[in-house]
Amino acid sequence: MTNKTLLGTAAALLGLVILSATPASADLLDDVMKAKKIRISTDLAIPPSGMMDSSMKPTGSDVEVAQLLAKDWGLELEFIQTTGATRIPNVLTGKADIIISTLSVTPERAKVIDFTKRYATLQSDVGCLKSMNVKDWPDLKGKTIGVSRGTTQDTTLSNMKDKELTIARYDDDATEVTAAVSGQVDCVGTSATIINQIGVKNPARIFESKIPLATFDLAIGLKKGEQRLVDKLNGWITENVKNGKLNAIYKKFHGVELPPDMRS
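Parameters at a glance
- Residues numbered from 1 in each chain as written.
- Predicted model: local features only at pLDDT ≥ 70, side-chain atom pairs only at ≥ 80, totals over all residues.
- Heavy atoms only, no water.
- Salt bridge = Lys/Arg side-chain N within 4 Å of Asp/Glu carboxyl O.
- Helix = DSSP H or I, 4+ residues; strand = E, 2+ residues; numbered from the N terminus.
- Buried < 20%, exposed > 50% of the residue type's maximum accessible area, 1.4 Å probe, protein only.
- Arc of directions from axis to C-beta.

Colleague: Sorry, what's going on with the pattern of salt bridges here?
Modeller: Pairing between side chains becomes possible if they bear opposite charge and their charged atoms approach one another. For the structure shown, the criterion picks out 15 salt bridges. Taking the shortest distance from any N to any O, the salt bridge between D217 and R118 comes out at 3.3 Å. Taken as a pair, D217 in strand 10 (residues 207-223) and R118 in strand 6 (residues 113-129) lie far apart in primary sequence, 99 residues in all. Given a relative accessible area of 23%, R118 falls into the partly exposed group. A salt bridge links E257 to R263; its shortest N-O distance comes to 3.3 Å. According to the relative accessible area criterion, E257 is partly exposed, its value standing at 37%.

So this is what it looks like as structure tokens:
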């Protein structure tokens, strides 16, 4: 055997050793089940979906959905606190396993992450002070609309170039609500439930929904390529829509039931 052949054989053997020493790449479902813990990216500053109670414990509709999931799967739950803008980066960087945080399904987001089937819906509106005469888009001329940066409301309103809207962007929903409560803005683009919360925080500034934006499907988000986890999550959602648990959580915090076509 020549030196060249020996060198080639040694290189091939070395390659096999390296390959055999490299652990097989488990998928995310395997990782979660092995760790017996699931890390869920959830915004805890957007009542009634996510918030802190008087004992500084997480509560809200998304919080209870996450808690139900962890309980059903026998996993420890770790909340990765987030804002609208950081939900998706949390799963892309591996900081969180999944997102349960009023995450609307949009074509743009679907290019970056995968979604499960919907577990709830979100009605989004432009809301303004109740005393303001706003009935259609021209009535918003000269008025500033507050939005939470990176949300579907931000994207939807920003794409309405023909409306010539003035938009003020805030880092999260809590800051947006504070701006409305304190009088920095008289209109906001957000969910109907958050619009209703403004008057609760400041009865002198009652907001109401003025112009509907859209009804968005809310789904669980996760990084692409984790089909086994998507399938397991979809099965869990189907089961808990059927048994009424997801509907009960939604009604508890939002005061209305999930759409009939979800419950049928």
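Colleague: How should helix 10 (residues 245-254) be read in this particular structure?
Modeller: What helix 10 keeps buried is the set L246, N247, I249, Y250, F253 and H254. End-on, the buried residues of helix 10 take up no more than an arc of 160°, which puts them together on one face. Among the residues trailing helix 10, G255 stands out with phi positive, at a value near 80°.

Colleague: Whenever I open this one, unusual backbone geometry confuses me. Can you help?
Modeller: Peptide bonds are mostly trans, and most non-glycine residues show a negative phi. A cis amide bond, omega 5°, links P47 with the succeeding residue P48. Turning to its location among the elements, P48 is positioned in the loop between strand 1 (37-42) and strand 2 (51-52). Even without being a glycine, K36 presents a positive backbone phi close to 55°. When you line up the elements, K36 lands in the loop between helix 2 (28-35) and strand 1. Accessibility expressed as a relative area gives 57% for K36, which makes it exposed. The backbone of M56 sits at a positive phi, close to 60°, despite the residue not being glycine. With respect to the helices and strands, the residue M56 is situated in the loop between strand 2 and strand 3 (58-59).

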